[in-house]
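Structural characterization, general
Residue strings, one per chain:
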Amino acid sequence: MSNGTNGQTTDAESSEARNASQRYLSTRGEDYDLSFEEVVLKGLATDGGLYIPEEIPSASNWQSWKDLSFPDLALEILSLYIAPSEIPRDELKGIIDRSYSTFRAPETTPLRHLHDNLYLLELFHGPTFAFKDVALQFLGNLFEYFLVRKNEGKTGTDRHHLTVVGATSGDTGSAAIYGLRGKKDVSVFILHPKGRVSPIQEAQMTTVLDANVHNLAVKGTFDDCQDIVKALFADPDINSTLNLGAVNSINWARILAQIVYYFYSYFSLVKSSGLTIGEKVRYVVPSGNFGDILAGYFAHRMGLPVEKLVIATNENDILDRFWKTGRYEKKPARGPEAQGGLAVDGVKAHEDGVKETLSPAMDILVSSNFERLLWFLAYEFAAVAGMDDEWNRRQAGQEVAAWMKQLKTTGGFGPVYRDVHSSAKRDFESERVSDSQTIDTIKNYFKKIDYVLDPHSAIGVAASLRSLARSKVPHISLSTAHPAKFAGAVDLALKDEPGFNFEEKVLPPEFLGLEAKEKRVTEVENDWQKVREIVKKQVEEELKGQA
Ligand SMILES: Cc1ncc(COP(=O)(O)O)c(C=O)c1O
Ligand SMILES: N[C@@H](CCOP(=O)(O)O)C(=O)O
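Counting restarts for each chain: residues are numbered from 1 in the order of the written sequence. Note on labels: chains are lettered from A, ligands numbered from 1, in written order. In keeping with the model being predicted, local features are shown solely for residues with a pLDDT of at least 70 and side-chain atom pairs are shown and tallied solely at 80 or more, while totals for entire chains, interfaces and linings include all residues. Values reported for side chains reflect all heavy atoms of the structure, with hydrogen atoms and water molecules removed beforehand.

So, about the overall build of the protein chain. Counting from the N terminus, the helices are the DSSP runs of H or I reaching at least four residues and the strands are the DSSP runs of E reaching at least two. Broken down by element type, the protein chain carries 20 helices and 17 strands. The quantity called the radius of gyration is restricted to C-alpha atoms. Its globule counterpart is 2.2 Å times the number of residues to the power 0.38. Relative to its length of 547 residues, the protein chain is compact, with a C-alpha radius of gyration of 22 Å against a globular reference of 24 Å. With the C-alpha coordinates aligned to their principal axes, the bounding extent of the protein chain is approximately 65 × 55 × 50 Å. Burial status follows relative accessibility: with a 1.4 Å probe on protein chains alone, a residue under 20% of its type maximum counts as buried, one over 50% as exposed, and anything between as partly exposed. Taken across its 547 residues, the protein chain has 60% of its residues classed as buried. Sequence separation of 24 or more characterises 76% of the internal contacts of the protein chain that already satisfy a separation of 6 or more. For the area figures, the Shrake-Rupley method with a 1.4 Å probe applies, and any residue is considered shielded solely by the protein chains shown. Counting only carbon and sulfur atoms, one obtains 49% of the accessible surface of the protein chain, whose full area is about 20,900 Å². Across the protein chain, the 62 positively charged side chains and the 76 negatively charged ones have centroids separated by 3 Å. By definition in these notes, contact holds between two residues if any of their heavy atoms fall within 4.5 Å. In this charge count, Lys and Arg are treated as positive and Asp and Glu as negative; neither His nor the chain ends contribute. A single reference atom marks each charge: NZ on Lys, CZ on Arg, CG on Asp, CD on Glu.

Here, axes are lines fitted to C-alpha atoms. For helices the fit covers the stretch in contact, and angles between N-to-C directions go from 0 to 180 degrees. It is the contact of helix α4 (residues 89-100) with helix α5 (residues 132-150), at a shortest axis distance of 9 Å, that shows an interaxial angle of 135°. Here α4 is positioned oblique relative to α5, judged by the angle of their axes. For the pair α4 and α5, the crossing hand works out as right-handed. Only Val-134, Gln-137, Phe-138, Asn-141, Leu-142 and Tyr-145 of α5 make contact with α4, whose side of the interface consists of Glu-91, Leu-92, Ile-95, Ile-96, Arg-98, Ser-99 and Tyr-100. Lys, Arg, Asp and Glu make up the charged group, whereas Ala, Val, Leu, Ile, Met, Phe, Trp, Tyr, Cys and Pro make up the nonpolar group; the residues left over, Gly among them, are polar. Looking at the contact of α4 with α5, its residues break down into eight nonpolar, three polar and two charged. Any angle from 65 to 115 degrees is called roughly perpendicular, while one under 35 is roughly parallel, one over 145 is roughly antiparallel, and all others are oblique. Crossings are sorted by hand: turned counterclockwise from the far helix by less than a right angle, the near helix makes the crossing left-handed, and turned clockwise it makes it right-handed.

The next thing to look at is the side chain of Ser-471. Position of Ser-471 relative to the elements: it lies in the loop between α17 (455-468) and β16 (475-479). The class for Ser-471 is buried, based on a relative accessible area of 4%. Only 3.3 Å separates the side chain of Ser-471 from the backbone nitrogen of Val-473, close enough to count as a polar contact. Excluding anything up to four places from it in sequence, Ser-471 contacts Arg-282 and Glu-307. For this analysis, a polar contact is any N or O atom pair within 3.5 Å, provided that within protein one partner can donate a hydrogen and the other can accept it, and provided that sequence-adjacent residues contribute only side-chain to side-chain pairs.

Think of pLDDT as the predictor's per-residue confidence, scored from 0 to 100. Looking at the protein chain, the pLDDT average stands at 93 and 93% of residues meet or exceed 70. A low-confidence stretch, residues 1-9 stays under pLDDT 50, and its non-local contacts, those more than four residues away or across chains, total 21 contacts. Across residues 332-345, confidence stays below pLDDT 50; counting only partners more than four residues off in sequence or on other chains, it has 19 contacts. For this predicted complex, the interface confidence comes out at an ipTM of 0.99, alongside a pTM of 0.94.

Whether two strands pair comes down to DSSP finding at least two bridges between them. As summarised here, the arrangement of the five strands in space is β8-β5-β6-β7-β17, forming an open sheet in which the pairing is parallel. The sheet is open, and its two edges are formed by β8 (244-246) and β17 (522-524), each paired on a single side. Neighbour to neighbour, the strand axes of the sheet diverge by 30° on average, direction disregarded. Sitting on the sheet, α5 touches β5 (162-167), β6 (186-193) and β8, and the angle it makes with β5 is about 160°. Packing against the sheet, helix α8 (residues 222-234) makes contact with β5, β6, β7 (213-218) and β8, and its axis sits at approximately 150° to β5.

Residues are classed as near a molecule or strand on a simple rule: at least one heavy atom within 4 Å of it. The environment of ligand 2 is made up of 13 residues, and the closest members are Thr-168, Asp-171, Thr-172, Asn-248 and Ser-249. With respect to ligand 2, the side chain of Thr-168 contributes an N or O atom lying 2.6 Å from an oxygen atom. With respect to ligand 2, the side chain of Ser-249 contributes an N or O atom lying 2.5 Å from an oxygen atom. Computed on the free molecule, ligand 2 has an accessible area of 340 Å², of which 96% lies beneath the protein chains in the complex. Classifying every residue of the shell around ligand 2 gives three nonpolar, seven polar and three charged.

Close contacts around ligand 1 come from 15 residues, with Lys-132, Asp-171, Gly-288, Asn-289 and Thr-480 the closest. Separating an oxygen atom of ligand 1 from a backbone N or O atom of Gly-288 is a distance of 2.7 Å. Contact between ligand 1 and Asn-289: an oxygen atom at 2.7 Å from a main-chain N or O atom of the residue. Relative to its unbound accessible area of 380 Å², ligand 1 is 98% covered by the protein chains.

On to the pairing of strand β4 (residues 118-122), then. Taking burial as the measure, the five residues of β4 include five buried ones, the bulk of the element. Side chains Leu-118, Leu-120 and Glu-122 of β4 all project onto a buried face; the interleaved residues Tyr-119 and Leu-121 project onto the opposite face, where all are buried too. Two elements, strand β3 (residues 111-115) and β4, share four bridges in a ladder whose sense is antiparallel. Each bridged residue has a counterpart across the sheet, and for His-113 the counterpart in β4 is Tyr-119. Here β3 folds back onto β4 in antiparallel fashion, the turn holding two residues, of which Asp-116 has a positive phi close to 45°. As judged from the five bridges shared by β4 and β16, these two strands associate in the parallel manner. Bridged to Leu-118 within β16 is His-475.

UniProt positions are given in the numbering used here, feature names are shortened, and annotations may be inferred rather than shown by experiment. Cross-referencing UniProt, the feature "domain: Threonine synthase N-terminal" (unreviewed entry) maps to residues 23-100 in the present numbering. Taken as a whole, residues 23-100 contains 37% helix and 8% strand, while its terminal C-alpha atoms sit 26 Å from one another.

In this section: unusual backbone geometry. Note the cis peptide between Gly-414 and Pro-415, where omega equals 5°. Turning to its location among the elements, Pro-415 is positioned in the loop between β14 (412-413) and α15 (418-427).

Next comes the structure, spelled out in structure tokens:
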């Protein structure tokens with residue numbers, strides 16, 4: 001283990017200065033006792049696992065945070081996971097303040113009352129109009145902070161250069177690019193599935209012409225892009241020579257930053273409704289890679305009064321099927337969909353099993369962050385045996401490693417032990433929403449309250465309505481993107497509605513003329529070794545230019 005503090009302290013000293021919630025381990029058990037800086041810069045663990053804190057901190061004083069601004073609340077929450085010996089509090093505050101100064105809404109993530117007990121948490125007021133900005137503005141500034149510190153007094157090839165590689169189904173890519181464009185000592189490579197992101201999302205990424213930004217259009221699906229990224233991280237050659245960094249939600253900092261808006265929206269609700277602090281609410285989260293809702297799980301475990309976290313999937317429903325059956329399986333669709341034809345809803349399914357839906361950012365077959373939840377479930381299961389913490393952690397790591405191996409070799413695993421499934425059902429419920437239900441929801445809310453939902457947020461609202469039929473507590477439904485990013489789906493739902501005009505009602509001035517701007521993008525085969533060569537060559541050129 002390295003000390004992660006620019007050589008100022010020994011390993012033992014820096015480890016001691018960190019609480020258990022500020023020390024990190026891998027979900028597959030082989031990597032442990034890492035610092036926050038190490039896990040942020042490494043992204044993916046050496047054993048292929050994802051980093052998690054050794055312990056989720058209990059925030060006994062959370063109620064005292066009620067009147068804090070978004071950045072001040074972020075400082076309180078993030079400080080529990082980042083030791084001041086790693087980032088002094090005033091410097092962490094500086095990083096946070098810079099990150100949220102770019103948001104258009106004064107509250108950063110405003111809460112809107114839709115009707116009755118249903119509230120919408122608008123997460124799309126950042127630079128790229130999607131919830132990813134909340135974490136990626138922070139991560140971009142965090143990378144910069146670590147690099148400036150590492151490179152102090154260094155010149156030429158002695159400088160630490162970070163090569164960021166990320167996979168996107170549309171939103172992570174542009175948010176990462178906006179968070180990292182023009183930053184010193186960083187090259188960014190974003191892989192998107194060619195033709196499977198919306199035209200605005202594609203333009204947001206490819207019209208950024210900064211020299212350190214590279215868009216790669218992969219002939220394949222989002223899962224193929226994600227697999228290529230993971231294969232690059234697993235390759236010792238490129239990983240160590242190019243210092244790979246992750247911007248996807250495999251990077252722990254992504255999950256961490258998202259915990260903040262669960263608390264913030266709870267306090268907004270307390271202040272704007274009759275809710276008494278301490279009463280329970282439900283959060284409903286449009287889900288794909290399981291990163292957003294996992295942040296809600298952390299908030300809940302830290303003490304936030306959550307009755308249930310409701311997972312809302314589109315027709316790519318691996319998560320929904322797990323909650324219903326206890327089995328986690330990619331399982332290609334049966335029937336006409338499996339032949340690549342049109343299914344009931346007009347949804348196109350590809351041979352690989354991924355369906356092309358109207359909510360493309362959630363067209364994901366394998367949800368990478370689910371692995372983090374599995375670790376906590378396996379830990380809880382192991383703890384029943386009454387052994388010590390170290391034993392429980394080892395057991396959890398072994399269990400997760402075995403499940404992941406089975407997923408890789410057979411395409412699925414399960415059913416998991418009954419107690420593991422029950423623990424998952426204690427905290428979560430799930431709903432699957434079809435394309436036609438998505439369209440109906442967009443239509444209904446436009447007619448009912450003159451509000452335009454994007455298709456992903458509409459999935460959350462449709463799931464919320466079902467959940468409201470089971471529970472009377474207030475529901476906070478997460479709105480994950482601005483509707484202008486998904487003009488096709490919105491237009492399909494609303495084009496015949498009297499009074500609807502996309503340009504006037506939906507399009508923000510920032511998107512005007514975007515698609516006509518100059519673009520830069522490279523088409524690549526669905527082959528990780530070919531991608532590796534492109535990345536290597538490009539970084540070498542950039543480094544030569546700097547030497
Ligand atoms: C607009 C939008 N909604 C929902 C999701 C799903 O979030 P998660 O992958 O964190 O589950 C994504 C992307 O992942 C997204 O871009
Ligand atoms: N929907 C995402 C897919 C990548 O997920 P991530 O949260 O792991 O980065 C996207 O829009 O790119």
